[in-house]
Structure formats: structure tokens, C-alpha cells
Amino acid sequence: EDKVVQSPLSLVVHEGDTVTLNCSYEVTNFRSLLWYKQEKKAPTFLFMLTSSGIEKKSGRLSSILDKKELFSILNITATQTGDSAVYLCAVSMDSNYQLIWGAGTKLIIKP
Amino acid sequence: GAGVSQSPSNKVTEKGKDVELRCDPISGHTALYWYRQSLGQGLEFLIYFQGNSAPDKSGLPSDRFSAERTGGSVSTLTIQRTQQEDSAVYLCASSSGRGETQYFGPGTRLLVL
């Protein structure tokens with residue numbers, strides 16, 4: 001069965017800390033891995049990763065994919081209270097148009 | 001349009017009533033998805049439209065749920081005889097094609113009393 005597992009399920013840190021969120025997957029015909037940030041209702045797109053070892057970076061956020069070990073990490077440095085959100089990981093496959101979603105990591109940044 | 005839009009943003013209804021939720025995808029996007037997210041839960045796939053192909057309805061939880069997409073653009077999700085367990089946020093997303101990045105609308109929060 002195709003699945004995506006995120007860890008931890010929740011995380012509380014203080015402003016300024018660095019956090020690492022994990023996403024592991026087991027799917028057939030992997031195509032890409034996507035990270036989304038969900039603050040209120042709608043998830044907003046962060047990164048799409050297709051190749052191993054190539055870091056994607058946007059400001060304080062970065063992500064990398066390991067296709068051999070079947071996981072990705074999302075790093076956030078110098079966290080701010082505005083980073084508080086649920087971070088979702090999803091995987092797309094060549095054989096299927098659907099995304100397989102993880103349950104998300106709820107990140108809380110304390111001032 | 002610039003992004004995916006959904007309406008209404010919030011809907012309160014009484015048990016047993018029918019509701020219609022609307023999604024207007026990004027212009028030119030051929031793929032459209034409906035998801036449901038209950039409080040504190042992950043995204044639950046409901047239905048997928050791709051171009052003029054027959055939709056994949058495999059995620060619809062019961063025959064009270066239906067959706068259509070007119071002219072390959074706007075989509076309507078209809079829930080008949082609503083139940084309290086239908087209370088959730090209903091999210092619509094669109095993408096430029098199969099397996100491409102999905103962009104989400106702001107969602108409709110449905111509360112069935």
C-alpha cells in the first residue's frame with residue numbers, strides 16, 4: 001500500500017530555533033515529493049522535489065530529497081511565530097494523478 | 001483568475017438540507033480535485049476531474065455526494081441530505097495536468113447543525 005509518513009506529529013519550539021521536519025514514503029513509480037504549509041484552511045505550496053541531493057531553498061526554508069532512503073526533510077532556520085502551521089508532505093506517482101498525503105506536522109513557535 | 005476561488009467561504013446548514021459548494025480553478029488548469037478535511041485530520045480525497053475524461057469518483061464517501069464540472073472549468077460539489085458528520089472544510093485544488101503541483105483554494109467551512 002502506498003503511504004507517506006510524517007514525523008513528528010507535533011513540535012513546539014521557541015522563536016529563533018531551527019527545526020527539521022521529516023517525511024518518509026513508500027510508493028510505486030515515484031514522480032515527485034511536495035511540501036505544503038497550512039495555516040488556516042488552504043495549503044500553500046512550498047517546494048516540489050524530484051531529484052535526490054538537490055536542495056530547494058526559499059528564504060529560511062529549505063528541503064532536500066533522498067530517493068535511495070525514501071525520505072525528505074524540511075528545514076526552517078531562525079523560526080518566527082508566523083511559521084506556526086501544519087506542514088504537509090505529499091507524493092505524486094507516474095501511474096496515478098492523485099497525491100498521497102501525509103498526516104502533517106503541527107509546528108508551534110512560541111515567542 | 002489569479003488563483004483558485006471557492007464559495008461560500010463558510011456555510012451553516014441544518015441536518016437534512018442540501019448544500020452546493022463551488023470551485024473556480026486557475027485559468028487553463030485541466031485538472032481539478034476536491035478534498036475534505038475534518039478537524040485535526042489530514043486531507044481526504046473525494047473526486048478528480050481531468051479535462052473531458054470521466055471523473056474519478058472513488059473517494060466520494062456516499063451517494064449523497066456528487067460533483068460536476070461544467071465546460072471544463074467551474075466545479076460544483078453537492079451534498080444531499082447533509083449529516084452532522086459532513087461538517088468539515090472542503091478544499092478544491094487545480095493543476096496544469098496529471099501529477100503536477102496542486103494549488104488550493106481557500107476552502108469552504110461547512111457546519112451541519
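As a starting point, this report considers the structure included with it. Small disclaimer: the values here were computed from a predicted structure and weren't measured. (Residues numbered from 1 in each chain as written. Chains lettered and ligands numbered in written order. Predicted model: local features only at pLDDT ≥ 70, side-chain atom pairs only at ≥ 80, totals over all residues. Heavy atoms only, no water.)

## Points about the overall build of chain B
Scanning chain B from N- to C-terminus turns up zero helices and 10 strands. Mapped in sequence order, the helices and strands of chain B form the string β-β-β-β-β-β-β-β-β-β. Whereas a compact globule of 113 residues would reach a radius of gyration of roughly 13 Å, chain B reaches 13 Å, a difference of no more than 12%. Projected onto its principal axes, the C-alpha coordinates of chain B cover approximately 35 × 25 × 25 Å. For chain B, the proportion of its 113 residues judged to be buried stands at 49%. For chain B, long-range pairs separated by at least 24 residues make up 55% of all intrachain contacts whose partners lie at least 6 apart in sequence. Each charge sign in chain B was given a centre, from 11 positive and 11 negative side chains, and these centres are 2 Å apart. (Helix = DSSP H or I, 4+ residues; strand = E, 2+ residues; numbered from the N terminus. Rg over C-alpha atoms; globule rule 2.2 N^0.38 Å. Buried < 20%, exposed > 50% of the residue type's maximum accessible area, 1.4 Å probe, protein only. Contact = heavy atoms within 4.5 Å. Lys, Arg positive; Asp, Glu negative; His and termini not counted. Charge placed at Lys NZ, Arg CZ, Asp CG, Glu CD.)

## Regarding the overall build of chain A
Summing up its helical and strand segments, chain A has zero helices and 11 strands in all. Element order for chain A, N to C, with α for helix and β for strand: β-β-β-β-β-β-β-β-β-β-β. Radius of gyration (C-alpha) of chain A: 13 Å, near the 13 Å computed for a compact globule of 111 residues. A principal-axis box enclosing the C-alpha atoms of chain A has dimensions of 45 × 30 × 20 Å. Counting only residues that meet the buried cut, chain A has 45% of its 111 residues in that class. Sequence separation of at least 24 residues holds for 54% of the intrachain contacts in chain A that already meet a minimum separation of 6. When the accessible surface of chain A is totalled, it reaches about 5,400 Å², and 50% of it is carbon and sulfur. For chain A, the distance from the average site of its 12 positive side-chain charges to the average site of its 11 negative ones is 6 Å. (Areas by Shrake-Rupley, 256 points an atom, 1.4 Å probe, with all protein chains shown as cover.)

## Overview of the sheet that holds strand β7 (residues 75-79) of chain B
Residues and elements named next belong to chain B. With respect to topology, four strands assemble into an open sheet ordered β1-β3-β7-β6, the strand pairing being antiparallel. Edge positions in the sheet fall to β1 (5-7) and β6 (65-69), since each of these pairs with one other strand and no more. Pairwise comparison of adjacent strand axes, ignoring direction, gives a mean angle of 15 degrees for this sheet. Where β6 meets β7, five bridges bridge the pair, whose relative direction is antiparallel. Note on β7: the bridge partner recorded for F65 is I79. (Pairing = 2+ DSSP bridges. Axes fitted to C-alpha atoms, helices over the stretch in contact; angles between N-to-C directions.)

## A look at unusual backbone geometry
Cis rather than trans, the peptide bond between A:S7 and A:P8 has omega equal to -10 degrees. Position of A:P8 relative to the elements: it lies in the loop between β1 (3-7) and β2 (10-14). With an omega dihedral of -10 degrees, the bond running from B:S7 to B:P8 counts as a cis peptide bond. By the secondary structure assignment, B:P8 is in the loop between β1 and β2 (10-13). One non-glycine residue with positive phi stands out, namely A:N29, at about 55 degrees. The residue A:N29 is located in the loop between β3 (19-26) and β4 (30-38) in this model. Notably, A:A78 is not glycine yet its phi reads approximately 45 degrees, a positive angle.

## Details of the side chain of B:S94
Its place among the elements puts B:S94 in strand β8 (residues 88-95). If we ignore the near neighbours within four places in the chain, the residues touching B:S94 are B:V4, B:P25, B:I26, B:H29, B:A31, B:L32, B:T101, B:Q102 and B:Y103.

## Here we look at the interface of chain A and chain B
Across the contact, 19 residues belong to chain A and 23 residues belong to chain B. Buried area between chain A and chain B, both sides added, is near 1,700 Å², and the carbon and sulfur share of it is 53%. On the chain A side of the contact with chain B, A:K41, A:Y97 and A:W101 bury the most area, a combined 41% of that side's loss. At the boundary of chain A and chain B, one finds one salt bridge. Note that A:R31 is salt-bridged to B:E100, the shortest N-O span being 2.6 Å. (Buried area = accessible area lost by both parts, 1.4 Å probe. Salt bridge = Lys/Arg side-chain N within 4 Å of Asp/Glu carboxyl O.)

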